[in-house]
Structures are given as C-alpha cells and as structure tokens.
Amino acid sequence: MKAIIKVMLLLNILIGICGCSNMEDIYKEYIVYGGHVYPQKPTNPKGCSGDGRVVLKWKRGVDSSIVKAVVSWDDGRQNREFDISGNSEDVELIVDNLEERDYSFVIHTYDADGNKSVPVEVNSHAYGDIYKSSLYNRTINIAYINVDKLVVEWNEADFTTKLTKTELHYINKENKEMKLVVDANSNEALIIDDYKIGTDFSYQSFFVPDTTCIDVFESISEVSKPLTIVDRSDWTITSSSYEPSGQTGYGGANPERVLDGLIENTPNAGLVPTYWHSRHTGANAPGFPHWLAVDMKKKVNIRRVVLQCRNDPNCRTGYSFSNFTIQGSNDGENWVELETYNTYSRSETAPQYYPVDTDESFTYFKIVMNTSYDNSPYAHLAELSILGEEKE
C-alpha cells in the first residue's frame, strides 16, 4: 500500500513539473532567467480617435520604474517609441500622421533596464479626407428680413455625420461682427434684432464623429444674403370686386391700395383709404369667396406671402377673412393651388408671413379668401407682398 502511495505522489510531481513547463512556454518571451521582471502594463488604456491621429491614454499606476512605451500596429510593421518618464498621473500618447482607417495598437511599457510589460491591445480610428468630404453645413429653409429683423429658419439637422452645432456670423447695427451658436437639436428660428440691413451673413457647421474623438471637424463656411420683399413697382393687380365709393368718400378702396405701402387712414396718407375692400354698396354686394390676383411681370419662386391688416377697429373686430388659399399661375388663367391657411389674424397689424413650399416659379399669384371670422360677406386687406427669388 505504501508503495502505491509513493507512486501516486511521484506521478503528481511529474504532472506538476510538465504543467509548469507548459505555462513557462506561454510566457517564455517575457521571462528573464535569473529573476524575471515585468514592468506594469497600461491599466485600462483608451484609444481616442482624431483627425489623422489617435491619442492613447491610461493612468500611470504605481510602477515608478517605467521610462518609455512602444506602440506598434500592423502586426508590428509600424511602431513608435515614447518617453513616459516623469511624475504625471496620466499618460497620453499622440500617434499622428495616420491614414484614414481602423487601427489595432499594441502597447508595451519598458523600464530603464529594458524589461518590457505584457502587451495590451487598444482599438481606435483615424479620420481624414473621406470623412471630411461628407460634411456639409446644416441647411437653411429660408432667411429673410421681417421689417428690421433677420429671421433664419433651419431645416432639421442631419445627424448621420454627427453634427453638433452651427455658428452664424453677422454684422450688427454698430458694425461689429457677432456670432450665434445653434445647437444641432434646436429647430427654433433665429430672430436677430440687431442685424444690419443690407449686409451678408455666414454660417458653418461643426461635427464630432464619435464619442471618443478629440478633434472637432468643420464644413466650409457659406455666405448668404437674406431674402427681402420683392420689388412691387411693376406689379398690376385685379380683384373679384372692390368698393368704389363707400370707404370714407375719398376715392374708394380699389385693389391697388394693397401695393401702396400704407396700412391706415392718416393725414400722411391724405385721408385716402389705404386698403382694399370688397364691394359693399349697391345691390347684390358679393360675398365669399373674394380674391386678389397679381401680375408680377416676371417669374418668381415665392417663398413667403406677406399679408398686413388695416390698422383700425374694423380690422380687429369684424369684416375680415380667416381661411385663405394661395395660388400660382404662369398665364393668369390656369391656377395651381399652393397653400391654404386658417390663421390670418385680424388683430395683428404687423406683417404676417405665410410659407409657400414649392420649387416652381410663377408670374402670377392669387389670394383667394374663402371664409370670414363672423359670417360677414365682406373682406379687406391693407398690404400684400411676397418674399421670393426672382428668376430670369
């Protein structure tokens, strides 16, 4: 029995020796015979992407003997050596001049005697011209002058290229360059009170392609000029009807009144009605619908129709239309319906801007007033204009 026990003990010893030999083979590269030393490896290293570069970061740890790190990639065919001696708690290595692609970096640390740590692998990415070529500024739906303010309405941001913000630069009324920052998640229009009329503005978008990226990328800055009211000096206008004599007795309320730039009866206006009014005297005064049709004498891509109410109590309390339709035509006979709105305000005397979503250009446009606020058969309007782009 004792003999059997001795044999079993010898077998266990032999198995242990073989196992240790196999383990030693695995780490043979890192063994220094006579007393092996492994400097501390990088602890939880992180790779941060960048513009033609990657930054490798980790905490130094407690091993004060480490003096350098060697970073290799492409199966060791490429490598860089970095001096990391010193007392800094953080190690930060910049591997630059990289082409645009994914990388797998292997890091070894070394002490002054040339002993190296076990390897640590870190994956990251370097960005370059391919990514940059995909960057475009956030688009503007429309930028226009509202009385004396600049209004900029943005299209929704495209997040596929990781847009973070857009900067808008403009000149204020004191001739100073100003900057506003629009977050990519914001869809609110910019309303700039101190914009200097007649000047350009510029805008530029900025991008961070991933959460580890240390660099901010930018698109090419664009210069733009806001839309203003289209010149009305050559316009002619007709209407479904107009009041020839009943409006204050001073010349009636013909459709040309909506092109005179005035919204109220004042001494400055010579006490002449400054608004159009549908006919309401005589027999069989017409009811809804009423319309105003304009011949602009040139093709215009209409972006906004601008309506302005007369500035007197009749505007605010009655005799006004509510629902209306905007139409376009190129011959004055065949009309295309562009937009319909229920929101015309009879209590707001400031210009009211109504978007028109069309890529087409028209020579004529028409406002068709469909219904009234209070079942009155009459309609009136002080001013009619448009924001748009004139075409050849």
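This structure is a prediction, so every number in the text was calculated from the model and none was measured.

Scoring rules and cut-offs
Residues numbered from 1 in each chain as written. Predicted model: local features only at pLDDT ≥ 70, side-chain atom pairs only at ≥ 80, totals over all residues. Heavy atoms only, no water. Pairing = 2+ DSSP bridges. Helix = DSSP H or I, 4+ residues; strand = E, 2+ residues; numbered from the N terminus. Buried < 20%, exposed > 50% of the residue type's maximum accessible area, 1.4 Å probe, protein only. Lys, Arg positive; Asp, Glu negative; His and termini not counted. Salt bridge = Lys/Arg side-chain N within 4 Å of Asp/Glu carboxyl O. Polar contact = N/O pair within 3.5 Å; in protein donor to acceptor, adjacent residues only side chain to side chain. Contact = heavy atoms within 4.5 Å. Axes fitted to C-alpha atoms, helices over the stretch in contact; angles between N-to-C directions. Phe/Tyr/Trp six-rings, centres within 6.5 Å; stacked < 30°, edge-to-face > 60°. pLDDT = per-residue confidence, 0-100.

Caption draft 1: Representation of the pairing of strand β7 (residues 120-127) in the model. Where strand β1 (residues 43-51) lies against β7, two bridges are found, and the strand directions are parallel. Each residue of the ladder has a partner; that of Asp 51, found in β7, is Tyr 127. Where strand β6 (residues 101-111) lies against β7, seven bridges are found, and the strand directions are antiparallel. What sits directly across from Tyr 103, in β7, is Ser 124.

Caption draft 2: Up close: the side chain of Glu 243. In this fold, Glu 243 is placed in the loop between β16 (236-239) and β17 (276-277). Arg 279 is the oppositely charged side chain nearest to the buried, salt-bridge-free Glu 243, at an N-O distance of 6.3 Å. Within polar-contact distance, the side chain of Glu 243 engages the side chain of Thr 281 at 2.9 Å. Look past the residues within four positions of Glu 243 in its chain and what remains in contact with it is Gly 252, Ala 253, Asn 254, His 277, Ser 278, Arg 279, His 280 and Thr 281.

Caption draft 3: Spatial organisation of the sheet that holds strand β4 (residues 78-83). One open sheet accounts for seven strands, arranged β4-β3-β6-β7-β1-β2-β5; its pairing is mixed. Strand pairing shows two members of the sheet lacking a second neighbour, β4 and β5 (90-95), which therefore form its edges. For this sheet, the mean angle separating the axes of adjacent strands, direction not counted, is 25°.

Caption draft 4: Structural detail: the sheet that holds strand β9 (residues 149-154). The strand order β8-β9-β12 describes an open sheet built from three strands, whose pairing is antiparallel. One side of each edge strand has no neighbouring strand; the edge strands of this open sheet are β8 (140-146) and β12 (190-192). Within the sheet, the average angular offset between the axes of one strand and its neighbour, ignoring direction, is 15°. Pairing geometry for β9 and β12, over three bridges, is antiparallel. Paired with Val 151 across the bridge in β12 is Ile 191.

Caption draft 5: Layout of the side chain of Ser 322. Looking at where Ser 322 falls in the secondary structure, it is placed in the loop between α3 (313-317) and β19 (324-329). Not counting residues up to four positions away in its chain, the partners in contact with Ser 322 are Tyr 341, Asn 342, Thr 343, Tyr 344, Thr 371, Ser 372 and Tyr 373.

Caption draft 6: Looking closely at the packing of aromatic side chains. On inspection of all chains with the given rule, the structure shows 15 aromatic pairs. Ring centres 6.0 Å apart and planes at 70° place the aromatic pair Tyr 127 and Phe 217 in the edge-to-face group. Here Tyr 127, found in strand β7, pairs with Phe 217, found in strand β14 (residues 217-218); they are 90 residues apart in sequence, far enough to count as distant. The two residues Tyr 127 and Phe 217 agree in class, both being buried. For the ring pair Phe 324 and Tyr 354, a centre distance of 5.0 Å and an interplane angle of 85° mean the geometry is edge-to-face.

Caption draft 7: Looking closely at the pattern of salt bridges. For the structure shown, the criterion picks out 19 salt bridges. The shortest N-O distance in the salt bridge between Lys 68 and Glu 81 comes to 3.5 Å. With a gap of 13 residues between them, Lys 68 in strand β3 (residues 66-73) and Glu 81 in strand β4 connect regions that are remote in the sequence. Note on Lys 68: relative accessible area 23%, which makes it partly exposed.

Caption draft 8: Layout of unusual backbone geometry. In this structure, Pro 289 follows Phe 288 across a cis peptide bond, with omega equal to 5°. Structurally, Pro 289 can be placed in the loop between β17 and β18 (290-308). Even without glycine at this site, Asp 75 takes up a positive phi of about 55°. Position of Asp 75 relative to the elements: it lies in the loop between β3 and β4. Of note, the phi angle at Lys 162 is positive, near 65°, even though the residue is not glycine. For Lys 162, a relative accessible area of 42% translates into the label partly exposed.

Caption draft 9: Up close: the confidence of the model for the protein chain. Here the protein chain averages 87 in pLDDT, while 85% of its residues score no lower than 70. In this model, residues 17-32 is a region of pLDDT below 50 whose contacts with residues beyond four sequence positions or in other chains number 15 contacts.

Caption draft 10: Representation of the environment of His 125 within the structure. With respect to the secondary-structure elements, His 125 resides in strand β7. Through-space distance from the C-alpha of His 125 to that of Cys 213 is 9.0 Å; in sequence the pair is 88 residues apart. With near-sequence residues (within four places) excluded, His 125 lies in contact with Ser 49, Gly 50, Arg 53, Val 54, Glu 100, Arg 101 and Asp 102. Here the side chain of His 125 touches Arg 101 through a polar contact of 3.2 Å, landing on its backbone oxygen. A polar atom in the side chain of His 125 sits 2.6 Å from the side chain of Asp 102.

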